[in-house]
Each structure stands twice: as structure tokens, then as C-alpha cells.
Amino acid sequence: MEALLLGAGLLLGAYVLVYYNLVKAPPCGGMGNLRGRTAVVTGANSGIGKMTALELARRGARVVLACRSQERGEAAAFDLRQESGNNEVIFMALDLASLASVRAFATAFLSSEPRLDILIHNAGISSCGRTREAFNLLLRVNHIGPFLLTHLLLPCLKACAPSRVVVVASAAHCRGRLDFKRLDRPVVGWRQELRAYADTKLANVLFARELANQLEATGVTCYAAHPGPVNSELFLRHVPGWLRPLLRPLAWLVLRAPRGGAQTPLYCALQEGIEPLSGRYFANCHVEEVPPAARDDRAAHRLWEASKRLAGLGPGEDAEPDEDPQSEDSEAPSSLSTPHPEEPTVSQPYPSPQSSPDLSKMTHRIQAKVEPETQLS
């Protein structure tokens, strides 16, 4: 009996050490009042994104939940308005698997919102599921879609500077290795998916690095943020149904709650004084060094140029593409894509919280450069 109690005590002590040193997330500090500021959080209908949006709303920000599912996005916006007491939480449709949807979101946002102070790229996938595309779906959702969205919203971010871009990355970037000759090849099988996921997380870290270089002295700063091991939908989404009941208790014990996972992205979005660290990688609310592959400036620039091509961007920042970017979507429509109107749905219209620099000319210029896209089926 004594040996049993001793063993239980040792196990409990080991768990406490692991929990407080590896699992529990440090709380985020940063700006207390965000009234008059606007934030966009992608994939904010659940998990880390929803907790991130909740904290921003509690601090008074106008928060746009950019989500693929209208039903889940509207429900999340309602929940967050109720929980935060902030009525300026709205939903807008965004499907990162579709370049047409990204352009439609940007057009709708720039025509309806006068400012953008914080852009958080939280949405992502870890597997293609049963979807089979003519392109790398993991790269499209985790990197190319956010890359294009950032480009289209940059004029607004610059006009509202100081502003920030946060890319939710992962420690999986350490296993990534970009093959530029096969960058957009379709991914088939779980082994390829594991490799492709790590590659996209490396792309996230390199994107933040190159974006910081491109935006130097503009007042827009950017950061790659690792949320830590989080018990979110992403963890169990592609686990076989029979295995989920076995993994849920284990996940509850050794993984962070989504609220804990939101702390580092929030730190990067809100913490004062980290502007000199623009382009760096953060984990547990402090900057961390990355392996050589993740700080290779030549690779970062090469990825930037390849991403412009895959996103359908021409020589200019928002230039019209040489080829119709929708053609790729039309040939192989994604099962993740849902029909998008020309302008994404907004859950409720709310008056702008604060006047800002006149962006109407900028909006019209961007809209003029984006040709109307056909709806996806």
C-alpha cells in the first residue's frame, strides 16, 4: 500500500512539474484598452481563434471574425458579444482555400471598415482529410491564403500604423524543409500530410521574417507566434472516431486549453515595446531562436516571390495576375469551399468606432484592380 501511495505521489509530482513548466501558458499582458481599434482574426469561430477574439473584444476592440462557415461564425460572434459585453463583434465570410474568397473578403472589408490595426492569421488545417486537389491544400490554407490577404489589406494597415500582423505558427517548423520545385504539388497520404504541415509552419515563420523586412519603417510590425501544445479542434479533427474517446482525457491532461494557447498570439498583438523584434518567432510570450532554415533570408525572399506567383499577384503589390487565379479553383473546386457572394456576409452592421485616415480612394483603387470572380460551387 505504501509503495502504491509513493508511486501515485511521484506520478502526481511529475505531472505538476510537466504542467507548470511545459503545459501551462504564461498570461498575456499588453495594452489594456483597445477602444477605437479594429482587429481581424481568421478562424475565430472556435479554439485559439475564438479565445483570442474574446480577449480583444473584452478590451474594447471592434473584432471581425473571418471564418469559412457562416453558421458557426455567426454563432461565435453572438457568443462573444454576450460574453464580452462588446457589441462590435461581427462575422465576415472567408475561405482561405479559395483565392476568390480571399479577394472578396478584402474588397468587402476595405469598403465597409475604415481602419485595421491588428491582423491575426490564426486559421489553419493539419490535414487534407478526404479532399483531393490539384494543388497543395495545406500550403494554400496555411500560407498562400494568409499571404494574399495580408497583401490586400496592407494599405489599410499602413494607413492606421502603428499596426501589427500576427501569424500563428508552430514548433513543427523545426521539421520543415521547403522544396521550391514541388512547393504546390498535391499532398496525398498521412506521411506527406505530416511533412507538408511542418513545411507550411516553416513558411509561416519565413513569411513573418520577410514581411518585417518589406515593411521596415512603415509602422507595421509582424510576428510569428507559437501557441504551444493546445487541446483544440485541430488536434482531434482528423483522428479516427474510435480513437477520440481514448485521446480526449490524455489531451485534457497534457495539452493547454485554447485560452492558454491564445496567450502568445495576444502577446504579439498587444505587448508594448516589442516593435524592434518585428519578424521574430515567439513562444510562451517571449522571443525564441529558430533553426537556421527558419532564419534564412534568401529562402524567405525566394518563398515571398513564389508565394506572389501562387497567389496570383503580379509585379506590383496588388497588381492584377497574369493568369486568372480562379482558374485553379475552377478546375478542382475544394470541398472546403462554400458558395461566396461577391461580397462576404457581415453578421450585423455596426457604426465605425472611430474615424481614421480617409481610405476611400485606396479602397476604390484596390477594388478596381480586382476583377469580379465567379462563385464557387
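Residues numbered from 1 in each chain as written. Predicted model: local features only at pLDDT ≥ 70, side-chain atom pairs only at ≥ 80, totals over all residues. Heavy atoms only, no water.

Where an unreviewed UniProt entry is consulted, the protein chain appears under the name Dehydrogenase/reductase SDR family member 13, with the organism given as Gorilla gorilla gorilla. What UniProt records for the protein chain under Function (unreviewed entry) is the sentence "Putative oxidoreductase." According to the UniProt record, the Subcellular location (unreviewed entry) comment for the protein chain is "Secreted". (UniProt positions renumbered as here; feature names shortened; annotations may be inferred.)

(A) Looking closely at the overall build of the protein chain. Along its length, the protein chain carries 13 helices and eight strands. A separation threshold of at least 6 residues defines the contact pool for the protein chain, and within that pool the share at least 24 residues apart is 82%. Total accessible area on the protein chain is roughly 17400 Å²; 55% of this is exposed by carbon and sulfur atoms. (Helix = DSSP H or I, 4+ residues; strand = E, 2+ residues; numbered from the N terminus. Contact = heavy atoms within 4.5 Å. Areas by Shrake-Rupley, 256 points an atom, 1.4 Å probe, with all protein chains shown as cover.)

(B) Representation of the sheet that holds strand 3 (residues 89-93) within the structure. Within the open sheet, the eight strands sit side by side as 3-2-1-4-5-6-7-8. Their pairing is mixed. Both edges of this open sheet fall to strand 3 and strand 8 (286-288), since each of them pairs with a single strand only. In this sheet, adjacent strand axes meet at a mean angle of 25° when their direction is disregarded. Of the pairings in the sheet, the one linking strand 5 (residues 163-168) to strand 6 (residues 220-226) comprises six bridges and is parallel in character. (Pairing = 2+ DSSP bridges. Axes fitted to C-alpha atoms, helices over the stretch in contact; angles between N-to-C directions.)

(C) Spotlight on empty space enclosed by the protein. As enumerated under the stated definition, the model contains three cavities of 30 Å³ or more in all. The calculated volume of the largest cavity comes to roughly 50 Å³. If you trace the largest cavity, you find it lined by His-121, Asn-122, Ala-123, Asn-142, Pro-146, Val-167, Val-168, Lys-201 and Asn-204. Broken down by secondary-structure element, the contributors of at least two residues to the lining of the largest cavity are helix 5 (137-159), strand 5 and helix 6 (190-214). The residue inventory of the lining of the largest cavity, partitioned by class, reads four nonpolar, four polar and one charged. (1 Å grid on protein atoms, 1.4 Å probe; cavity = no way out; pocket = protein on both sides within 12 Å on 5 of 7 lines; lining within 4 Å. Points joined across faces, edges and corners; volume = space filled by probe spheres on them. Nonpolar A, V, L, I, M, F, W, Y, C, P; charged D, E, K, R; others polar.)

(D) Highlighting unusual backbone geometry. Note that the residue after Ala-161, namely Pro-162, is joined by a cis bond; omega there is 5°. Residue Asn-284 is not a glycine yet carries a positive backbone phi of 50°. Mapped onto the elements of the fold, Asn-284 is located in the loop between strand 7 (281-283) and strand 8. With a relative accessible area of 28%, Asn-284 lands in the partly exposed category. Residues other than glycine seldom take positive phi values, yet Cys-285 does so here, at roughly 60°. Looking at the secondary structure, you find Cys-285 in the loop between strand 7 and strand 8. (Buried < 20%, exposed > 50% of the residue type's maximum accessible area, 1.4 Å probe, protein only.)

(E) Layout of the pairing of strand 3. With five of its five residues buried, strand 3 lies for the most part within the structure. Every second residue of strand 3 is oriented toward a common face, with Val-89, Phe-91 and Ala-93 on one face and Ile-90 and Met-92 on the other, all of them buried. Alignment of strand 2 (residues 62-67) against strand 3, held across five bridges, turns out to be parallel. Across the sheet, residue Leu-65 finds its bridge partner in strand 3, namely Phe-91. In terms of handedness, the path from strand 2 via helix 3 (residues 70-84) over to strand 3 forms a crossover that is right-handed. (Right-handed = clockwise from strand over helix to strand, strands pointing away.)

(F) Local environment of the environment of Arg-295. Mapped onto the elements, Arg-295 comes out in the loop between strand 8 and helix 11 (297-310). In this structure, the C-alpha to C-alpha distance between Arg-295 and Arg-280, residues 15 residues apart in sequence, is 9.0 Å.

(G) Broad picture of the packing of aromatic side chains. Tallying each qualifying case throughout the model produces six aromatic pairs. Centroid distance Phe-147 to Trp-304: 5.2 Å. Interplanar angle 80°. Geometry classified as edge-to-face. On the criterion of sequence distance, the pair formed by Phe-147 in helix 5 and Trp-304 in helix 11 is long-range, its members being 157 residues apart. Of the two residues, Phe-147 and Trp-304, both sit in the buried class. Between Phe-207 and Trp-304, the aromatic rings sit 6.1 Å apart at their centres with planes inclined by 35°, giving tilted as the arrangement. With Phe-207 in helix 6 and Trp-304 in helix 11, this pair connects stretches of sequence that are 97 residues apart. (Phe/Tyr/Trp six-rings, centres within 6.5 Å; stacked < 30°, edge-to-face > 60°.)

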